[in-house]
Amino acid sequence: MSKALSFETEVTGVVLETMDVLTFRLAIPADIPFSFKAGQFIKLTAETPEYAPEHPTLTRAYSISNAPLGQGYIDLTVKCYEDGHLSKHLREVTYIGELMTVEGPFGDFCFEAGQASSIALIGGGAGVAPMRGMMEYIIEKKLPVQMHYLASCRTPQDLIYLATLLGWQESTNNLHVTHTITRPEGHSWAGQTGHIDQRMLLKVCPPETTELYYVAGPTEMVKSVRKLLKEELNVDKSRILWEPWG
Ligand SMILES: Cc1cc2nc3c(=O)[nH]c(=O)nc-3n(C[C@H](O)[C@H](O)[C@H](O)COP(=O)(O)OP(=O)(O)OC[C@H]3O[C@@H](n4cnc5c(N)ncnc54)[C@H](O)[C@@H]3O)c2cc1C
């Protein structure tokens, strides 16, 4: 198990993924022996003087969205809520060079070499963040693992990592990407529509060919997919790893 550490980090980069999702890059200081498994999360603490005196600092959990390949940084992909506290700080106040505290890594929602040869990665909204790290890890390490990625979001403009995912799908033979759009009205979209349901799961990741299921994102979505897998597809709960964010 990677030992949880607490250390100061600096924001070194920000990428706009969609209108309300950003990826923040945080440096891991050279003298900190921080290691993690693909898919684990950290606790991020930032100074938030704009909310003082009630909340001079805030701490929230965020999944690491890059792979553990010794790059000297971690990426966090964050959905920013209008009425959220830390996510709003990250979008509206955070600057390159801002110092924050990272504690971690935490969690069993992770993939390790040899764990399975066929996995389903099912994410809602920014719930695809830990999946990105797992896919990058499997691809970069050239592991013989079939990956069936199924992500749902509201509109085509909300698709996260689209160019990266399509590039990986094109350049490998073990990643299969499916997106479903839950509010397609008024958008040009020829792919799957609607919430993740039994029919979609059977098509993308049937139990006969899928060893492990990873499900992450908003609590309601995660619970609903887990219920479908258990009750409609008869998948044993030991084969379902889930991480609700509520
Ligand atoms: C293990 C774990 C991993 C996580 N990984 C990620 C990640 O990789 N990326 C990411 O964006 N978030 C992730 N989260 C969620 C994150 O920890 C925060 O809950 C989120 O950023 C909101 O924090 P906030 O301070 O902005 O909102 P808060 O101030 O805590 O909440 C204020 C309001 O924001 C809105 N809100 C907050 N969270 C949600 C939600 N999940 N769904 C709908 N509305 C919400 C609600 O209206 C809520 O009333 C993770 C949570 C857990 C437990």
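The rules behind each value
Residues numbered from 1 in each chain as written. Predicted model: local features only at pLDDT ≥ 70, side-chain atom pairs only at ≥ 80, totals over all residues. Helix = DSSP H or I, 4+ residues; strand = E, 2+ residues; numbered from the N terminus. Expected span 1.5 Å × (residues − 1). Buried ≥ 20, exposed ≤ 12 C-beta atoms within 10 Å, placed from the backbone. Pairing = 2+ DSSP bridges. Right-handed = clockwise from strand over helix to strand, strands pointing away. Domains from an automatic or database assignment. Contact = placed C-beta atoms within 7 Å. Nonpolar A, V, L, I, M, F, W, Y, C, P; charged D, E, K, R; others polar.

What follows is about helix α2 (residues 129-140). With 12 residues, α2 extends 17 Å from end C-alpha to end C-alpha; this agrees with the ideal 16 Å at 1.5 Å per step. The element α2 is extensively covered by neighbouring structure, given that 10 of its 12 residues are classed as buried. Ala129, Pro130, Met131, Arg132, Gly133, Met134, Met135, Glu136, Tyr137 and Ile138 are the residues of α2 that are buried. Lys142 sits one or two residues past α2 and shows a positive phi near 50°.

Here we have 6 strands laid out as an open sheet, ordered β10-β9-β8-β7-β11-β12, and parallel in their pairing. In the strand order of this sheet, the two ends are held by β10 (192-193) and β12 (240-244), each with one partner. Where strand β11 (residues 212-217) and β12 come together, 5 bridges link them in parallel fashion. From the neighbouring strand, Tyr213 faces β12, where its bridge partner is Ile240.

Time to look at the pairing of β12. Residues Leu241 and Glu243 of β12 are buried on one face, while the alternating residues Ile240, Trp242 and Pro244, pointing to the opposite face, are not. With helix α5 (residues 219-232) bridging β11 and its parallel neighbour β12, the resulting β-α-β unit is right-handed.

Here we come to the domain arrangement of the chain. For the chain, the assigned domains are domain 1 (5-106) and domain 2 (118-244). The C-alpha centroid of domain 2 is placed 24 Å from the C-alpha centroid of domain 1. Facing the 16 residues of domain 1 at the interface are 14 residues of domain 2. The set of elements that each furnish at least two residues to the side of domain 1 that touches domain 2 consists of β1 (5-18) and β5 (73-79). Of the residues contributing to the side of domain 1 that touches domain 2, the split by class is 8 nonpolar, 6 polar and 2 charged.

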